[in-house]
Amino acid sequence: TPVTPVTEVETPATPVTPVTPVTQVETPATPKNNISIQSETNTQSFANTELDQPVSSFGRSGNVETSSNGSVAAGIIDLREIDLNNDGQIDESVDLEFSDIKSNAAYRNNMGYYKVVNEQGAVRDPLSNEIINPDEDGYAKAAMMQRVEGISVNKNTGSLTSEVEGGLMLAPYLIANGTAEEFLSNNSGNATGNGPLAYFSVGSNIDGKQHIKQAGNNVLNFEDTYAGGDLDFDDLSLKVNIKTRNV
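Residues numbered from 1 in each chain as written. Predicted model: local features only at pLDDT ≥ 70, side-chain atom pairs only at ≥ 80, totals over all residues. Heavy atoms only, no water.

*Asks:* Can you walk me through the pairing of strand E13 (residues 236-244) in this structure?
*Replies:* Within a regular strand, the side chains alternate between the two sheet faces. Of all 9 residues that make up E13, 8 are buried, and the element is covered over most of its length. Here strand E4 (residues 93-102) runs beside E13; their pairing, made up of 7 bridges, is antiparallel. Bridge pairing in E13 links Phe98 to Val240. Judged from the 4 bridges that link them, strand E12 (residues 219-222) and E13 form a sheet pairing that is antiparallel. Its bridge partner lying in E13, Asn221 is registered against Ser237. (Buried < 20%, exposed > 50% of the residue type's maximum accessible area, 1.4 Å probe, protein only. Helix = DSSP H or I, 4+ residues; strand = E, 2+ residues; numbered from the N terminus. Pairing = 2+ DSSP bridges.)

Here it is as structure tokens:
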């Protein structure tokens with residue numbers, strides 16, 4: 001009997017349903033409802049609870065560390081993510097409030113704040129647009145040229161509230177026996193014997209000494225004498241608070 005050949009029938013492949021790729025959508029970060037105040041080697045954030053009350057602190061008590069080793073100096077105020085009015089946007093401006101101003105000094109000392117670009121206190125030279133680090137040539141002059149207009153506190157000030165632009169980082173300075181204007185006119189090189197001297201909480205200062213100390217309850221204390229003097233840090237003392245802008 002002849003053998004009937006077997007015909008192989010190919011079964012068509014079942015089409016594969018394409019997989020729809022999943023697109024991950026990143027939600028943009030919203031401004032934080034707090035103020036970060038840089039203190040020594042850490043950053044402390046203090047959430048706003050009542051808009052009409054002080055909402056910041058300079059952090060734990062202790063000596064100010066210089067930034068020569070990369071640590072963060074005391075008194076630097078970080079407003080880069082400030083949102084006190086809870087609208088999800090960085091505040092255009094806030095108020096810096098200076099109070100409890102005291103002095104036992106004979107000098108005409110003035111303090112204020114200037115704009116810095118990082119926690120170590122580097123400044124942008126407004127003339128050359130270059131970044132200058134603490135202790136580098138030209139730092140004191142550039143810092144004073146970047147000072148916040150409207151903030152000049154001395155022993156006769158009493159109290160002061162000044163509007164400050166949001167989104168900035170600020171650091172304190174002291175002009176010993178003069179004003180920032182007098183410093184720029186007479187001693188912008190910050191040399192001894194030529195006029196008022198500028199001291200900062202960053203770097204090693206021109207005498208290698210600390211001249212700005214940070215205490216609890218938002219207090220800054222200043223020493224105005226070259227080489228440290230008596231190191232009593234009572235030549236100027238004041239309290240700083242950051243508040244929502246009153247409009």
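*Asks:* What is the right way to look at the pattern of salt bridges in this model?
*Replies:* Oppositely charged side chains can pair when the atoms bearing their charge come close. In the structure shown here, the tally under the stated rule is 8 salt bridges. Linking Arg245 and Asp95 is a salt bridge whose minimum nitrogen-to-oxygen distance equals 2.6 Å. A residue pair is termed long-range when its members are at least 10 positions apart, and Arg245 in the segment after E13 and Asp95 in strand E4 qualify at 150 residues. Judged by its relative accessible area of 3%, Asp95 falls in the buried class. Taken together, the shared-partner salt bridges in this structure form one network comprising Asp78, Arg80 and Glu119. (Salt bridge = Lys/Arg side-chain N within 4 Å of Asp/Glu carboxyl O.)

*Asks:* Looking at this structure, I do not really get the sheet that holds strand E8 (residues 160-165). What am I missing?
*Replies:* A sheet is described by the order of its strands in space; here 5 strands give the open sequence E8-E4-E13-E12-E11, paired in antiparallel fashion. Of all strands in the sheet, those bounded by a partner on one side alone are E8 and strand E11 (212-215). Averaged over all adjacent pairs, the angle separating strand axes in this sheet is 30 degrees, with direction ignored. (Axes fitted to C-alpha atoms, helices over the stretch in contact; angles between N-to-C directions.)

*Asks:* Where do I start with the layout of surface pockets in this structure?
*Replies:* Rolling a probe over the atoms, with the probe sized like a water molecule, indicates the empty space that remains. Size it by volume and the largest pocket reaches roughly 210 Å³. In this structure, the largest pocket is lined by 16 residues; those nearest its centre are Asp135, Tyr139, Ala140, Asn190 and Ile206. Elements supplying a minimum of two residues to the lining of the largest pocket: helix H1 (139-145) and strand E10 (197-200). Its residues assigned to classes, the lining of the largest pocket comprises 7 nonpolar, 6 polar and 3 charged. (1 Å grid on protein atoms, 1.4 Å probe; cavity = no way out; pocket = protein on both sides within 12 Å on 5 of 7 lines; lining within 4 Å. Points joined across faces, edges and corners; volume = space filled by probe spheres on them. Nonpolar A, V, L, I, M, F, W, Y, C, P; charged D, E, K, R; others polar.)

*Asks:* Help me understand the side chain of Asn110, please; the structure alone is not making it clear to me.
*Replies:* Position of Asn110 among the secondary structure elements: in strand E5 (residues 110-116). One polar contact links Asn110 to Ser152, side chain to side chain, over a distance of 3.1 Å. Side chain to side chain, Asn110 and Asn154 meet in a polar contact 3.3 Å long. The contacts of Asn110, once residues within four sequence positions are left out, are Ser152, Val153, Asn154, Tyr173, Leu174, Ile175, Gly178 and Thr179. (Polar contact = N/O pair within 3.5 Å; in protein donor to acceptor, adjacent residues only side chain to side chain. Contact = heavy atoms within 4.5 Å.)

*Asks:* Got a minute to help me understand the side chain of Ser93 in this structure?
*Replies:* For Ser93, the location among the structural elements is in strand E4. A residue is classified by how much of its surface remains accessible, and Ser93, at 17% relative accessible area, is buried. Of the polar contacts made by the side chain of Ser93, one reaches the side chain of Glu163; its length is 3.0 Å. Apart from residues lying up to four places away in sequence, Ser93 is in contact with Glu163, Val164, Glu165, Gly166 and Arg245.

*Asks:* Please explain the confidence of the model for the protein chain as it appears in this structure.
*Replies:* Caution applies to low-pLDDT regions: their predicted coordinates should not be interpreted in detail. Per-residue confidence for the protein chain gives a mean pLDDT of 78, with 70% of residues at or over 70. In the model, residues 19-25 has pLDDT below 50 throughout and makes 0 contacts with residues more than four positions away in sequence or in other chains. A low-confidence stretch, residues 32-71 (pLDDT under 50), is modelled with 127 contacts involving residues beyond four sequence positions or located in other chains. (pLDDT = per-residue confidence, 0-100.)

*Asks:* Can you help me understand the nonpolar core in this one?
*Replies:* Soluble, globular proteins show a tendency: their nonpolar side chains are buried together. In this structure, Leu96, Phe98, Met111, Tyr113 and Leu238 are the most contacted members of the largest nonpolar core, which totals 27 residues. Broken down by secondary-structure element, the contributors of at least two residues to this core are E4, E5, strand E9 (169-176), E10, E12 and E13. Formed by 20 residues, the second largest nonpolar core is a distinct cluster that contains Ile76, Tyr114, Ile132 and Tyr139. (Core = buried A, V, L, I, M, F, W, Y, C linked by side-chain atoms within 4.5 Å.)

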